[in-house]
Amino acid sequence: MSILEKINEQINETFCVGISSPAQECANKFENDICSNDEINFRIISFLSCVCCILLVLLFRISWNSWSTIETSKKRSPQSQRISISKPQSNATSGRVEPLILCGRQNNITYLDHAGATLYNDELVSKLAGLLRENIYGNPHTSGPASNLTEALISDTRRKLLEHFGVNDSTHVVVFTSGTTAGLKLIGESFEWTGLSKFCYHQNAHTSVVGIREYAIRKGASFECIQNLEEFASTLLERDSTGLLAFTAESNFGGTKADLNIVSKIKTSSVGSKWKVILDAAKFAATNPLNLSEVKADFTVVSFYKMFGFPAGLGAIIMTKDAALDLTPQYFGGGTISVCASEINFKRYHQNISKRFEAGTLDFLGIVSASAGLDMLNRVGMKTIQDHTFVLAQELYSRLDRLRHCNGNPVCLFYGNHHLRDKRKQGSIVTFNVLDDSGNMISHTEVGRLAGLNNIQIRTGMFCNPGASQRCFGLSTEDIKNYSGQSEGCWEEIGLLNNGTPTGAVRVSFGYSSSSDDVDIFMQFISTFFVSATKECCDAVGDKPITLGETESPIVEAMYLYPIKSCGGIRTSQWPLTSSGFLYDRNWVLVDSEGKSLDQKKLPQMCRIIPEIDLKTHTMTVMAAVENAPAPLRIDLKANKKTLSDGSFRICDRLQN
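Residues numbered from 1 in each chain as written. Predicted model: local features only at pLDDT ≥ 70, side-chain atom pairs only at ≥ 80, totals over all residues. Heavy atoms only, no water.

A. Highlighting the overall build of the protein chain. When helices and strands are counted, the protein chain shows 21 helices and 28 strands. Taking all 657 residues of the protein chain together, the buried fraction comes to 43%. Long-range pairs, those at least 24 residues apart, make up 65% of the contacts in the protein chain between residues at least 6 apart in sequence. Only carbon and sulfur atoms are counted for the fraction: they give 52% of the accessible area of the protein chain, which is about 35400 Å². (Helix = DSSP H or I, 4+ residues; strand = E, 2+ residues; numbered from the N terminus. Buried < 20%, exposed > 50% of the residue type's maximum accessible area, 1.4 Å probe, protein only. Contact = heavy atoms within 4.5 Å. Areas by Shrake-Rupley, 256 points an atom, 1.4 Å probe, with all protein chains shown as cover.)

B. Local environment of the packing of aromatic side chains. Going through the model one piece at a time under the given rule, you end up with 20 aromatic pairs. Taking 6.2 Å as the distance between ring centres and 85 degrees as the angle between the ring planes, the aromatic pair formed by tryptophan 193 and phenylalanine 199 counts as edge-to-face. Here tyrosine 201 and phenylalanine 223 contribute two aromatic rings whose centre-to-centre distance is 6.4 Å and whose plane-to-plane angle is 20 degrees, an arrangement assigned as stacked. Of the two residues, tyrosine 201 is situated in strand β5 (residues 197–202) and phenylalanine 223 in strand β6 (residues 222–226); the sequence distance between them amounts to 22 residues. Taking the relative accessible area as the measure of exposure, tyrosine 201 reaches 5% and is therefore buried. Lying over the aromatic face of phenylalanine 223, arginine 213 brings its terminal NZ or CZ to 5.2 Å of the ring centre. (Phe/Tyr/Trp six-rings, centres within 6.5 Å; stacked < 30°, edge-to-face > 60°. Lys NZ or Arg CZ within 6 Å of the ring centre and 35° of its normal.)

C. Geometry of the side chain of histidine 164. For histidine 164, the position within the fold is in helix α5 (residues 145–164). Other than its neighbours up to four places away in sequence, histidine 164 contacts Leu290, Met307, Leu374, Leu377, Asn378 and Met382.

D. Structural view of the sheet that holds strand β26 (residues 633–636). Spatial ordering of the open sheet is given by β24-β25-β26, a layout of three strands whose pairing is antiparallel. Bordering the open sheet on either side are β24 (609–614) and β26, each of which pairs with just one other strand. Between one strand and the next, the sheet's axes are offset by a mean angle of 20 degrees, whatever the strand orientation. Sheet topology places β24 next to strand β25 (residues 619–624); six bridges connect them, and they run antiparallel. Of the residues in β25, the one forming a bridge with isoleucine 613 is methionine 620. (Pairing = 2+ DSSP bridges. Axes fitted to C-alpha atoms, helices over the stretch in contact; angles between N-to-C directions.)

E. Region of interest: a nonpolar patch on the surface. Taken together, the side chains of Tyr120, Val125 and Phe310 make up a nonpolar region of the molecular surface, amounting to roughly 230 Å² of accessible area. Taking the relative accessible area as the measure of exposure, tyrosine 120 reaches 31% and is therefore partly exposed. (Patch = residues over 30% accessible without salt bridge, like charges linked within 9 Å, V, L, I, M, F, W, Y side chains within 5 Å. Salt bridge = Lys/Arg side-chain N within 4 Å of Asp/Glu carboxyl O.)

F. Molecular detail of the packing of helix α17 (residues 444–453) against helix α20 (residues 516–530). Between α17 and α20, the shortest axis-to-axis distance is 11 Å and the interhelical angle comes to 120 degrees. The orientation of α17 relative to α20 falls into the category oblique. Where α17 crosses over α20, the two elements pack in a sense that is right-handed. Residues Glu446, Val447, Leu450 and Ala451 of α17 lie in contact with α20, whose contacting residues are Phe525, Phe529 and Phe530. Residue composition of the contact of α17 with α20, grouped by class: six nonpolar, no polar and one charged. (Parallel < 35°, antiparallel > 145°, perpendicular 65-115°, else oblique. Left-handed = near helix turned anticlockwise from the far one by under 90°. Nonpolar A, V, L, I, M, F, W, Y, C, P; charged D, E, K, R; others polar.)

G. Representation of the pairing of strand β8 (residues 275–280). Counting buried positions along β8 yields six of six residues, so the element is predominantly enclosed. Residues Trp275, Val277 and Leu279 of β8 are buried on one face, and the alternating residues Lys276, Ile278 and Asp280, pointing to the opposite face, are buried as well. Pairing between strand β7 (residues 242–248) and β8: six bridges, direction parallel. Following the sheet pairing, leucine 245 is matched in β8 by valine 277. Once you follow β7 into helix α10 (residues 261–267) and on to β8, the crossover reads as right-handed. (Right-handed = clockwise from strand over helix to strand, strands pointing away.)

H. The packing of helix α4 (residues 122–134) against helix α15 (residues 364–380), seen in detail. The interhelical angle for the contact between α4 and α15, taken along N-to-C directions, is 135 degrees, at an axis separation of 10 Å. Between α4 and α15, the angle is such that the two are oblique. The handedness of the crossing between α4 and α15 is right-handed. Contact residues: α4 offers Glu123, Leu124, Lys127, Leu128, Leu131 and Leu132, while α15 offers Leu365, Val368, Ser369, Ala372, Gly373, Asp375 and Arg379. When its residues are assigned to classes, the contact of α4 with α15 shows seven nonpolar, two polar and four charged.

I. Here's a closer look at the sheet that holds β7. Pairing within the open sheet is mixed, and its seven strands lie in the order β4-β10-β9-β8-β7-β5-β6. A single partner strand is all that each edge strand has here, and the edge strands are β4 (172–177) and β6. When strand polarity is set aside, the average angle formed by the axes of neighbouring strands in this sheet is 20 degrees. As paired strands, strand β9 (residues 299–303) and strand β10 (residues 315–320) are joined by five bridges and run antiparallel to one another. Note on β10: the bridge partner recorded for phenylalanine 299 is methionine 319. Lying on the sheet, helix α6 (residues 180–190) is in contact with β4, β7, β8, β9 and β10; it crosses β9 at an angle near 155 degrees.

J. Up close: the pattern of salt bridges. Applying the stated criterion across every chain yields a total of 22 salt bridges. We note a salt bridge from arginine 399 to glutamate 395, for which the minimum N-O separation is 3.6 Å. Taken together, the residues arginine 399 and glutamate 395, both in helix α16 (residues 382–402) and four residues apart, mark about one turn of the helix. The exposure class assigned to arginine 399 is partly exposed, which follows from its relative accessible area of 26%. Arginine 424 is the salt-bridge partner of aspartate 422, the closest N and O atoms lying 3.0 Å from each other. By relative accessible area, arginine 424 is classed as exposed at 64%. Among the ionic contacts, a cluster of salt bridges with common partners joins Lys127, Asp156, Arg159, Lys160, Glu163 and Asp375.

K. Geometry of the environment of serine 398. Take serine 398: it is sitting in helix α16. Separated by 21 residues in sequence, serine 398 and histidine 419 have C-alpha atoms that sit 8.7 Å apart.

L. Region of the structure containing the side chain of threonine 256. When you line up the elements, threonine 256 lands in the loop between β7 and α10. Reaching out from threonine 256, the side chain makes a polar contact with the side chain of asparagine 204 at a distance of 3.2 Å. Dropping the residues within four chain positions of it, threonine 256 is found in contact with Asn204, Ala249, Glu250, Ser251, Gly416, Asn417, Lys425 and Gln426. (Polar contact = N/O pair within 3.5 Å; in protein donor to acceptor, adjacent residues only side chain to side chain.)

Now the structure itself:
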């Protein structure tokens, strides 16, 4: 019973009889009874008391209702919730491109690395959460109602995936893997290699494709890196061999697309039955329609996180049933076999092709998410996504291509087929290097670091694509061999070789959640940090001073340099310059026992590490501004050592230009 109901009940019990109100009851008694003056006064007081109580109750009730209304309004107020409002896909009047699918948790980050991993949207997460709340999914290797539900969902997802790529289970099967790399590895280790076999791969291939050659070499087969796919297909009839060809539908390096008609040309040739074709569709399938009934590849590999963002550790091989017969599993266990003897070498692989290669328990909860992701892509349409991302990539390319330094020199050098303006030749990637006003390369690592500081997510490096990098940068095999040991991580972290040759590039890639706003922000970033806009700046050569005007007289009072990244700085009024900046500035980095670099984001206490450099003796002394500090660490900077160790400290230098 509410507070109001209790108050009403008490008032009725005290002042009311039957169904009459307290005021009416007091009035009747006043009229009918002949009372003494004291009684009349008492009754008048009682009457007025009743009226006051009623008014108080009414006032309390009105106040209560008003308060409740206000609270309800607050809960429903749009200011108290973050609501995603869908925008139109494009604005015909302004020519601007809006997101196809909204992802509302970007946290002020301009996300331009969809080739690395696209963003999952809120709808996908909500749908997955709903399915997990409403259902119980059991291990598919177990019998029971929960497991039966899981098995049904896995089968349905296989069907959806085949339909998404234009085929069905009469000709193709789906083998779930942890991603594209795992799929390629499974094909390489299961292929029937012989001494007469040959593994051929296009130069534009990812390292995960190139790595298959290790299996070929171990079995006595040969390999070949193909420069031109069209020429390879034309000369295939002259090749008296069997083999495996692998190529990428869309390059993860520059977004260039291969002519997929090559697959049919090979498969319909007189030697087509001797050659199997792997199509690496990891990048292509994320932003393009792909019909495998027309592109008759034997094996097609994809990763789901590139297609719809989540789950991250799940992908698939879509293979023809005929091609599956040429694969022999090199391992069994966890559901891949129907029977096995423990004491002798006897086993029988599962008759179901998919299960034959899916060792262990599948990521069945991830497959739940994949089913929802495929539904989302099919609802939007891959053709729509292709047009959307291509328009944005062309918009960025065109605007970057028009950028000029004040002396007219271009700001960017591009790698790709953007100039053809043909979505059959070029995808949703824009890859380039930045040039200064003299035409010299600016290190991609510098661009990447500045982008990160400005909350822009891009990819820099060679993108695990050695062939495309060698071709675009003019790197020789000797260059790779000579510099491969100069960095603890990928050698592309060197940035620029001594001769100015780059070891990597800047990659911007678009997805279904990208928009013209992303292009604007990135253009502003490049224009702000890398475009020379004043004549004086361009005219300054060597020691020639920059003319700023008679009334302006800037004076540099002090400068700071940081020999050890993320540690304390050195304040000075003058310091020697080198071709790469201040001498010894950011030449060292602290690493942990595993060789991973440390910074103040991980260890704020690093600001207490104070270096000092004596330019006369070229000695650096490293001290700690803490109680009970260890003895200073002194380093001879003239010593030609890559790594210096002292107790728990390990200081690694970078290359000096």
